[in-house]
Amino acid sequence: MEPKRIKTPITDISVIENLKAGDFVLISGIIYTARDAAHKRIVEAVEKGEKPPFDIEGQIIYYAGPAPAKPGMPIGSVGPTTSYRMDPFAPKMLEWGLKGMIGKGKRDKAVKEAIQKYKGVYFGAIGGAAAYLARCVKSAEVIAYEDLGPEAVRRLVVEDFPAFVVNDIYGNDLYEMGRKEYQELFEF
């Protein structure tokens, strides 16, 4: 399977429209790390009329809390966090222009509906491959909420960061597709 290459930020909606559940992608450019504590702060800030720590429009957020960097490396192991912890915040972030989320695991119905409504995408990263994923990070900088430690918001410059499209704007879900295919393979 030939990977689809994505550059961030995503300013051309056709990039999202051309992605389908199951597609393998390589992401290059800037992505941001944020987990549930950071999402809560971002949503609260915006709802109070304050600016978020980065321009959300067209961005991709990676649900990750990296390990400390080894000498000479920009970041330590950086594997995906289980995404359902961000489900309470994801629809608002998509409404505000977020175009992609990277994590692991299923999303709830409200997130899937927001992906369709606001034309976003949910990518799955491979859990257990944190050391490999760190090699795709060319630079990392804490830009907000340093007090959260590993959960601080970081600006990452990535090159060929691998992921799969899990939920697309057409309502497809890779996890459901995989389960259905498996069941059909082994029906007696």
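Here, the structure is the one placed above.
Residues numbered from 1 in each chain as written. Predicted model: local features only at pLDDT ≥ 70, side-chain atom pairs only at ≥ 80, totals over all residues. Heavy atoms only, no water.

Quick word on the pattern of salt bridges
Per the stated rule, a full pass over the model turns up 11 salt bridges. Note that Arg 41 and Asp 147 form a salt bridge whose closest N and O atoms lie 2.7 Å from each other. Of this pair, Arg 41 sits in helix α2 (residues 36–47) while Asp 147 sits in the loop between β6 (137–144) and β7 (153–167); the two residues are 106 residues apart in sequence, bridging distant segments of the chain. Here Glu 95 ties to Lys 92 by a salt bridge, and the two come within 3.7 Å at their closest N and O atoms. On the criterion of helical spacing, the pair formed by Glu 95 and Lys 92 is a turn pair, its members being 3 residues apart in helix α3 (residues 90–95). (Salt bridge = Lys/Arg side-chain N within 4 Å of Asp/Glu carboxyl O. Helix = DSSP H or I, 4+ residues; strand = E, 2+ residues; numbered from the N terminus.)

Regarding the pairing of strand β2 (residues 24–33)
Within β2, 7 of the 10 residues are buried, leaving the element largely enclosed by the surrounding structure. As defined by bridge partners, strand β1 (residues 4–7) adjoins β2 across 4 bridges and the pair is classed as parallel. Following the sheet pairing, Arg 5 is matched in β2 by Leu 26. Bridge analysis of β2 against β7 gives 9 bridges, and the strand direction is antiparallel. Counted as the bridge partner of Ile 30 is Val 157 from β7. (Buried < 20%, exposed > 50% of the residue type's maximum accessible area, 1.4 Å probe, protein only. Pairing = 2+ DSSP bridges.)

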